[in-house]
There are 2 protein chains.
Amino acid sequence: MRTEIATLGEFGLIDHLTEGIQLQNDSTKKGIGDDAAVLSYPADRQVLVTTDLLLEGVHFDLVYTPLKHLGYKAAVVNFSDIYAMNGTPRQITVSLGVSKRFSVEDMEQLYAGIRLACEDYGVDIVGGDTTSSLTGLTISITCIGEAGEDQIVYRNGAHETDLICVSGNLGAAYMGLQLLEREKKVLAGADKDVQPDFAGREYILERQLKPEARRDIIEKLHDAGIKPTAMMDISDGLSSELMHICKQSGKGCRIYEEHLPIDYQTAAMAEEFNMNLTTCALNGGEDYELLFTVPLTDHEKIQEISDVRLIGHITKPELGCALITRDGQEFELKAQGWNPLK
Amino acid sequence: MRTEIATLGEFGLIDHLTEGIQLQNDSTKKGIGDDAAVLSYPADRQVLVTTDLLLEGVHFDLVYTPLKHLGYKAAVVNFSDIYAMNGTPRQITVSLGVSKRFSVEDMEQLYAGIRLACEDYGVDIVGGDTTSSLTGLTISITCIGEAGEDQIVYRNGAHETDLICVSGNLGAAYMGLQLLEREKKVLAGADKDVQPDFAGREYILERQLKPEARRDIIEKLHDAGIKPTAMMDISDGLSSELMHICKQSGKGCRIYEEHLPIDYQTAAMAEEFNMNLTTCALNGGEDYELLFTVPLTDHEKIQEISDVRLIGHITKPELGCALITRDGQEFELKAQGWNPLK
């Protein structure tokens, strides 16, 4: 079944997609339906704002990306930015540019994913814009969150001797993408009966197609009484992000190859592709893990937190940013991360 | 001179475009440069959020739209939504999708327009996202503003017998667009020496290419002690917007053809194009004027405010929404406004 979007028009489509949305947060006073959403935060809370623009053919390929997953991911990557400030996401606005290729049912799928992410993370959809597009799908999401003033963690607070920590593992989403791209090419030249071979690769595919934001890590750090000195989420690759923290904090760093957390499936896939695993972990991108620094005195506390790994330490700026390999060599870090403008 | 964007990369481009931005508002605690912007509003202020997505070929045509004007307009249309809530715009985020067709100098022009609008209206650029695009230019702006809780004006507050008011005049931006489209066609088939004929049309061109948000009207209403019962800005045409107010307020309305404010240039252009002037004024779109209702008791006060016109009144819902023509006939209003999804 395919319903053309033109049969509903802009307002009809928005009404249809946002029907039955329940507002979950006290801070949301007025959601969709006026010139602007109205929010109200207590005096002791600061307001966090982040935004992401996703374009078809640049950030996602609908040949292998289900629209529901895409909607989920588009929302979650914004939540990740709010958690990376040590905050809590509360509202999003969703703007969509949609070409005639897409039906009302397609948009229902996309929105179902956005709504699912919002339910899972307790976020309200409070506004947006829907328009036609000449070419493909455009998704622009802005997320608003909150945090106490003393609670916010910036990128520029890392001190010498601070420990560098990372949640989860690295490079999995990137290897998932490589796998999807390979199967796309295989299928393009194959009979209809050929099925993509994803057996045993479910984890890296999920990391690429349906990432999660690390709310759990933020909660664990809070419960353990740890406030990171600097933090950001890893979207462009560990190497690039670590250099942001060091640059903004005016410091250097040393990280250790042997301590980089890497999942078995990521390693197996890299071997199959004959790719350097450490390069994948350093520059893969789209991990949406948290990278943060804590004072040396938090060493024991951090080690008790599951799914967080110590990978190195902050140094004087003169020492630069470097990776120490398994055989003790020092390589200068480079921000080779995914650059969509090159 | 043409510098390829790839020579700067994403972060280099953002740094370049946002260099020297001065934050103007106390509520802006941290602008560009972290995972999220940080804002802090006093307890008695509510936070307003609005967003607009502009796509090349759908919302603007770069054949006749200077990039600096486009940037200015993209920002101002968002400010207009905040004023339409009776609020004050304070911050924006700017996301750009840019194809290889555009140079660093092009983006400087676009950003110069955005920055000029922000300076004029006292708004801070606090974040955004810049990425490559396969096709043309994408601009997504989110604006954050503030207002006292008691001060906010929604669309749903119109009462029976309220007066319907509109600022400025209607249909001018639409006629400016018609003129630009005509000259584009003429020039496409002409010699290089032919120049477009815009003499005496400057006003309607400016209304299309460099609209302003009606901050002045909001200030005048405030100074006169008038709080509208319902308000919105006119982006899709008077007819469409008035029906939103009536629907959300559960009311009907009567407006009078003879009272619709129309500029001389708009009328002259409509005549030249052999278009019905009233239709242009009702459905033209992109006016960015304010449409609002006030209690009958504010009748005298409203008449003292320059550049505001009374065009009709709110009625019982059973009477529907209608235009009374100069010869006393009644026509049901229809939301024929510009629908980019049809």
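Note that the structure is a prediction, hence the values are computed from the model and not measured.

## Considering the nonpolar core
Then, in step 1: Residues Leu48(A), Ala75(A), Ile114(A), Leu242(A), Leu48(B), Ala75(B) and Leu242(B) are the most contacted members of the largest nonpolar core, which totals 202 residues.
Then, in step 2: Contact partners of Ala75(B), with chain neighbours within four places excluded, come to Ile92(B), Ile114(B), Ala117(B), Cys118(B) and Ile141(B).

## Overview of the interface of chain B and chain A
Then, in step 1: Taken together, the contacts link 57 residues of chain B with 57 residues of chain A.
Then, in step 2: If you list the elements that add at least two residues to the side of chain B that touches chain A, you get α1 (9-18), β2 (37-39), β3 (45-55), α2 (67-83), β4 (88-98), β5 (124-132), β6 (138-148) and β8 (230-233) of chain B.
Then, in step 3: A per-class count over the side of chain B that touches chain A returns 27 nonpolar, 20 polar and ten charged.

## Comments concerning the packing of helix α2 (residues 67-83) of chain A against helix α3 (residues 104-121) of chain A
Residue and element names in this part refer to chain A.
Then, in step 1: Between α2 and α3, the least distance of the axes is 6 Å, while the angle of their chain directions is 40°. As summarised for this structure, α2 and α3 are arranged oblique, according to the angle between their axes. Regarding α2 and α3, the two cross each other, and that crossing is right-handed. Here Leu67, Lys68, His69, Leu70, Gly71, Tyr72, Ala74, Ala75, Val76 and Phe79 of α2 come into contact with α3, specifically with Asp106, Gln109, Leu110, Tyr111, Ala112, Gly113, Ile114, Leu116, Ala117, Cys118 and Tyr121.
Then, in step 2: Partitioning the contact of α2 with α3 into residue classes produces 15 nonpolar, four polar and two charged.

## Overview of the confidence of the model for chain A
Then, in step 1: Looking at chain A as a whole, the pLDDT averages 94, with 98% of positions reaching at least 70.
Then, in step 2: On the interface metric, ipTM, the complex scores 0.94, and its pTM is 0.95.

## A look at the domain arrangement of chain A
Residues and elements named next belong to chain A.
Then, in step 1: One can read the domain layout of chain A as domain 1 (5-151) and domain 2 (163-332).
Then, in step 2: A separation of 26 Å is found between the C-alpha centroids of domain 1 and domain 2.
Then, in step 3: Tallying the contact residues gives 15 residues for domain 1 and 16 residues for domain 2.
Then, in step 4: Per-element accounting of the side of domain 1 that touches domain 2 gives the leading share, nine residues, to α2.
Then, in step 5: Per-class residue counts for the side of domain 1 that touches domain 2 are nine nonpolar, four polar and two charged.

## Description of the sheet that holds strand β13 (residues 330-332) of chain A
All names here are of chain A.
Then, in step 1: Pairing in this open sheet of seven strands is mixed, and the strands run β8-β10-β7-β11-β9-β12-β13 from one edge to the other. Edge positions in the open sheet fall to β8 (230-233) and β13, since each of these has one partner strand only. Ignoring strand direction, the axes of neighbouring strands in this sheet form an average angle of 25°.

## Quick word on unusual backbone geometry
All names here are of chain B.
Then, in step 1: Here the phi dihedral of Asn274 falls at roughly 60°; this positive angle occurs in a residue that is not glycine.
Then, in step 2: Mapped onto the elements of the fold, Asn274 is located in the loop between α8 (264-272) and α9 (277-283).
Then, in step 3: Phi angles above zero are rare outside glycine, and Tyr288 is one such case at about 50°.
Then, in step 4: Tracing the sequence through the fold places Tyr288 in the loop between α9 and β10 (290-294).

## Details of the sheet that holds strand β6 (residues 138-148) of chain A
Consider a sheet: its strands pair through backbone hydrogen bonds, and that pairing is either parallel or antiparallel.
Then, in step 1: The six strands are arranged β5(A)-β4(A)-β6(A)-β3(A)-β2(B)-β1(B) in an open sheet whose pairing can be described as mixed. Whereas interior strands pair on both sides, the edge strands pair on one side only; in this sheet they are β5 (124-132) of chain A together with β1 (28-30) of chain B. Neighbouring strand axes in the sheet, compared pairwise and without regard to direction, differ in orientation by 20° on average.
Then, in step 2: Here α2(A) sits on the sheet in contact with β3 (45-55), β4 (88-98) and β6 of chain A, set at roughly 30° to β6(A).
Then, in step 3: With respect to the sheet, α3(A) is in contact with β4 and β5 of chain A, its orientation differing from that of β4(A) by roughly 175°.

## Description of the relation of the copies chain B and chain A
Then, in step 1: Least-squares fitting of chain B to chain A yields an RMSD of 0.0 Å, with the transformation described by 0.0 Å of translation along the axis and a rotation of 180°. The transformation just described matches what one would write down for a two-fold rotation axis. The rotation axis passes nearest to the C-alpha of Ala43(B) in chain B, at a distance of 2.1 Å.
Then, in step 2: Looking at chain B, 100% of its interface residues are interface residues in chain A too, so the copies touch through the same face.

## Some points on the pairing of β8(B)
All names here are of chain B.
Then, in step 1: Covered by surrounding structure in β8 are Ala230 and Met232 together with Met231 and Asp233, the residues of both alternating faces.
Then, in step 2: The pairing of β8 with β10 spans four bridges and is classified as antiparallel. Paired with Asp233 across the two strands is Leu290, which belongs to β10.

## Observations concerning the pairing of β10(B)
Residue and element names in this part refer to chain B.
Then, in step 1: The element β10 is largely enclosed, with a buried count of five among its five residues.
Then, in step 2: Every second residue of β10 is oriented toward a common face, with Leu290, Phe292 and Val294 on one face and Leu291 and Thr293 on the other, all of them buried.
Then, in step 3: Here strand β7 (residues 163-167) pairs with β10 via four bridges, running antiparallel. From the neighbouring strand, Cys165 faces β10, where its bridge partner is Phe292.

## A look at helix α5 (residues 202-209) of chain B
Then, in step 1: Every buried residue belonging to α5(B) is among Ile204(B), Leu205(B), Arg207(B), Gln208(B) and Leu209(B), and all of these are buried.
Then, in step 2: Its buried side turned inward, α5(B) meets α2, α4 (172-188) and α8 of chain B.

## Description of helix α8 (residues 264-273) of chain A
Residues and elements named next belong to chain A.
Then, in step 1: Buried within α8 we find Gln265, Thr266, Met269 and Ala270. End-on, the buried residues of α8 take up no more than an arc of 135°, which puts them together on one face. Counted as exposed and oriented over 90 degrees from the buried face of α8: Tyr264 and Glu271.
Then, in step 2: Structurally, α8 contributes buried residues whose contacts are with α4 (172-188), α5 (202-209) and α9 (277-283).
Then, in step 3: Looking at the residues trailing α8, positive phi occurs at Asn274, about 60°.

Rules behind the numbers
- Residues numbered from 1 in each chain as written.
- Chains lettered and ligands numbered in written order.
- Predicted model: local features only at pLDDT ≥ 70, side-chain atom pairs only at ≥ 80, totals over all residues.
- Core = buried A, V, L, I, M, F, W, Y, C linked by C-beta atoms within 7 Å.
- Buried ≥ 20, exposed ≤ 12 C-beta atoms within 10 Å, placed from the backbone.
- Contact = placed C-beta atoms within 7 Å.
- Helix = DSSP H or I, 4+ residues; strand = E, 2+ residues; numbered from the N terminus.
- Nonpolar A, V, L, I, M, F, W, Y, C, P; charged D, E, K, R; others polar.
- Axes fitted to C-alpha atoms, helices over the stretch in contact; angles between N-to-C directions.
- Parallel < 35°, antiparallel > 145°, perpendicular 65-115°, else oblique.
- Left-handed = near helix turned anticlockwise from the far one by under 90°.
- pLDDT = per-residue confidence, 0-100.
- Domains from an automatic or database assignment.
- Pairing = 2+ DSSP bridges.
- Least-squares fit on C-alpha atoms with pLDDT ≥ 70 in both.
- Arc of directions from axis to C-beta.

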